[in-house]
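# An overview of the molecular structure
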Amino acid sequence: MRYTTDEGGRLNNFAIEPKVYQAQPWTPQQKVRAALLVLGGLLLVAGLVAIAVGVS
């Protein structure tokens, strides 16, 4: 672990930083999965709103 010591003898720890990388473009399969996830989320929210309206 990386650390420094100041004049008073106190230690200052530094977090380990993750490696930086450039994002790759999505594959067609990833695009389909993302679209299905969004569609599922919209259907879930619409269903919950319909239940809330029906109950009230």
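The structure displayed is predicted, hence computed values, not measured ones.

## A look at the overall build of the chain
Scanning the chain for helices and strands turns up one helix and two strands. For the chain, the C-alpha radius of gyration of 24 Å lies well beyond 10 Å, the compact-globule estimate for 56 residues. Across its three principal axes, the chain shows a C-alpha extent of roughly 65 × 40 × 10 Å. By residue count, 0% of the 56 residues in the chain fall in the buried class. Element-wise, carbon and sulfur atoms account for 66% of the exposed surface of the chain, whose accessible area totals about 5,800 Å².

## Observations concerning the confidence of the model for the chain
In this model, the chain carries a mean pLDDT of 90, and residues with pLDDT of at least 70 account for 98%. At the level of individual helices and strands, the chain shows its lowest average pLDDT in strand 1 (residues 3–5), which scores 75, and its highest in helix 1 (residues 28–55), which scores 98.

## Considerations on a nonpolar patch on the surface
Together, V32, L36, L39 and L43 make up an exposed nonpolar region whose accessible area comes to about 410 Å². Inspection of the secondary structure puts L43 in helix 1.

## Considerations on the environment of R33
If you trace the backbone, R33 turns up in helix 1. Classification of R33 as exposed rests on a relative accessible area of 58%. Sequence separation between R33 and G54 is 21 residues, and the spatial gap between their C-alpha atoms is 31 Å.

## Some remarks on helix 1
Between the first and last C-alpha of helix 1 there are 41 Å, a value that for 28 residues agrees with the 40 Å anticipated at 1.5 Å per step. In terms of burial, helix 1 is a largely surface element, zero of the 28 residues being buried.

Rules used in this analysis
Residues numbered from 1 in each chain as written. Predicted model: local features only at pLDDT ≥ 70, side-chain atom pairs only at ≥ 80, totals over all residues. Heavy atoms only, no water. Helix = DSSP H or I, 4+ residues; strand = E, 2+ residues; numbered from the N terminus. Rg over C-alpha atoms; globule rule 2.2 N^0.38 Å. Buried < 20%, exposed > 50% of the residue type's maximum accessible area, 1.4 Å probe, protein only. Areas by Shrake-Rupley, 256 points an atom, 1.4 Å probe, with all protein chains shown as cover. pLDDT = per-residue confidence, 0-100. Patch = residues over 30% accessible without salt bridge, like charges linked within 9 Å, V, L, I, M, F, W, Y side chains within 5 Å. Salt bridge = Lys/Arg side-chain N within 4 Å of Asp/Glu carboxyl O. Expected span 1.5 Å × (residues − 1).

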